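Summary of the model geometry
Chain by chain, the residues run as shown.
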Amino acid sequence: MSTSISIFDTTLRDGTQGEGISLTAEDKIKIALKLDALGVHYIEGGNPGSNSKDIEFFRRARELNLRAKLTAFGSTRRKNSLCEQDVNLLNLVSSGAKAATLVGKTWDFHVHTALQTTLEENLAMIYDSLAYLKQHGLEAIFDSEHFFDGFKANPDYAIAALRKAQEAGADWIVLCDTNGGTLPNEIQDIVKQVRNSIQAPIGIHTHNDCELAVANTLAAVTAGARQIQGTINGYGERCGNANLCSILPTLQLKMGYQVVTPEQLGSLTSVARYVGEIANVVLPVNQPYVGTAAFAHKGGIHVSAILKDSKTYEHISPDLVGNKQRVLVSELAGQSNILSKAQEMGLAVSNDNANSREVIEKIKNLEHQGYQFEGADASLELLLRDAYGDAVEIFTVESFKILMEKSPSGNLTEAIVKLNVSGQQVYTVAEGNGPVNALDNALRKALTPFYPDINGIHLSDYKVRVLDEKDTTAAKVRVLIESTNFKESWSTVGVSSNVIEASWEALIDSIRYALLGMTQTSFSPESPRESLGLVNH
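Calculation notes
Residues numbered from 1 in each chain as written. Predicted model: local features only at pLDDT ≥ 70, side-chain atom pairs only at ≥ 80, totals over all residues. Heavy atoms only, no water. UniProt positions renumbered as here; feature names shortened; annotations may be inferred. Helix = DSSP H or I, 4+ residues; strand = E, 2+ residues; numbered from the N terminus. Axes fitted to C-alpha atoms, helices over the stretch in contact; angles between N-to-C directions. Parallel < 35°, antiparallel > 145°, perpendicular 65-115°, else oblique. Contact = heavy atoms within 4.5 Å. Nonpolar A, V, L, I, M, F, W, Y, C, P; charged D, E, K, R; others polar. Pairing = 2+ DSSP bridges. Salt bridge = Lys/Arg side-chain N within 4 Å of Asp/Glu carboxyl O. Buried < 20%, exposed > 50% of the residue type's maximum accessible area, 1.4 Å probe, protein only. Left-handed = near helix turned anticlockwise from the far one by under 90°.

Next up on the list: the UniProt feature "domain: Pyruvate carboxyltransferase" (unreviewed entry) in the protein chain. The residues that UniProt annotates with the feature "domain: Pyruvate carboxyltransferase" (unreviewed entry) are residues 5–269. The span residues 5–269 carries 44% helix and 17% strand; its end-to-end C-alpha distance comes to 21 Å.

It is worth spelling out the packing of helix α4 (residues 108–115) against helix α5 (residues 119–135) at this point. At a minimum axis distance of 10 Å, the contact between α4 and α5 shows a crossing angle of 95°. By the angle between their axes, α4 is roughly perpendicular relative to α5. Residue-level contacts link Asp 108, Val 111, His 112 and Leu 115 of α4 to Leu 119, Asn 122 and Met 125 of α5. Classifying every residue of the contact of α4 with α5 by side-chain character gives four nonpolar, two polar and one charged.

What follows concerns the sheet that holds strand β5 (residues 139–145). Pairing within the closed barrel is parallel, and its eight strands lie in the order β1-β2-β3-β4-β5-β6-β7-β8. Adjacent strand axes in the sheet meet at a mean angle of 25° when their direction is disregarded.

A few words on the pattern of salt bridges. By the definition in use, this model includes 21 salt bridges. Taking the shortest distance from any N to any O, the salt bridge between Arg 77 and Asp 128 comes out at 3.1 Å. A residue pair is termed long-range when its members are at least 10 positions apart, and Arg 77 in the loop between β3 (69–75) and α3 (87–94) and Asp 128 in helix α5 qualify at 51 residues. Assessed through its relative accessible area of 4%, Arg 77 is described here as buried.

So, about the packing of α3 against α5. Close contact between α3 and α5 brings their axes to 10 Å; oriented N to C, the two are set at 25°. One finds that α3 runs roughly parallel with respect to α5. When the axes of α3 and α5 are compared, the crossing they make is right-handed. Across the interface between the two elements, Leu 89, Leu 90, Leu 92 and Val 93 of α3 pack against Ser 129, Tyr 132 and Leu 133 of α5.

Rendered as structure tokens:
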């Protein structure tokens, strides 16, 4: 389609109203740059006079040279007042933003209850405020708050409010489903009626209280809305806003609108995850288009089919949005799953490889014991390399011991590890903040002389789950460890009724996986213990 759609991102304003989300001015600057690179047309930065963070953001954002229009947010003037004396409007004008969004009432119930003023005064507030912005050279966007509820309650007044905004010169009139309770068929019908009542371009702003924000946005586009307001990952108050990570690819790949360039759309997954990291919010794995499970396949029949043609179980090619296909291996796996994972690692396997059937049975038995390989790709890779004869035994563990001492002066945890590294026996002692940290330190201490690059490996997450709570303190636990070298991350798993043993198993896998791509140094001291400064116990 040739008709253009304007993308209005409000992650930095409406998105921060979500529970648990707080962004510093620096966070906002970083996200704004990512949004600009993604190709959105408007970036709403916040209210330039409401708090010190937003004040700093708008001051710094003036120097960013954004291609998107930096937009400030505010509300119509106070009742029975003058625009020239309204601090909110004065801050919008002086913010340095190219555009400003004004929220105003279009539901008569809100005018009487929230504003406690007359319907006529509310219309004057809308007109005066938007006209004031236009007089000062700003692009004026009118967010008609609670419009759909207002239209259903009193359509004549709701339309009268929009007409006042149009008379004042509003560049966009945005219809807001503020409470998120309107259905797609209602959205489409009301937007069509609005198009027949006003000439100004129409936008849509929806909330996700009925899990319909994306559907309602697309329904509005079908009815003629041409500006889309939303947030990255759907962040926002209560249940969130319309998720631009779902809307952008759907508009472009399903509905035929050219919203951003193909290259920009290909960065969508990385932008979604970047914003999630900055906001310190873990993305749902099943988030459409950009989630890690969005193109993940587990059932053996599915995997067998996608290996022949990915279109059999994928609605788009994942690389169009910067995501990737994943094949999961679990107790539900078939031989196709194993073959796909093995081939992904470069292992030479064939369809009639007997090892594949043995691996499947081994995985099923391990998962019956409590292991889970869907979230532990590194442990799975090591298992497959062992099964297909591709494993290299870099080191073996001869023994380990944990000593814990609690005294009035403090707590001490000491780990003693005995390894065989390339035929050399290494015996190390290290302290740590708890048994897992002490074991990690001792293991690294033993391996660093042989593999110095191991110092660049860090544990980034550690999770313990009790598998059978009825066994109380004797229950089995599953430990998942995530490690990183700041270029990539990998996860490993361990299971035992002893939490330290389960942690050790996951830790050993993590180190083994990390060492696969490392080169060993020519370390051969005459006395390994003396050279390393280690003490016998």
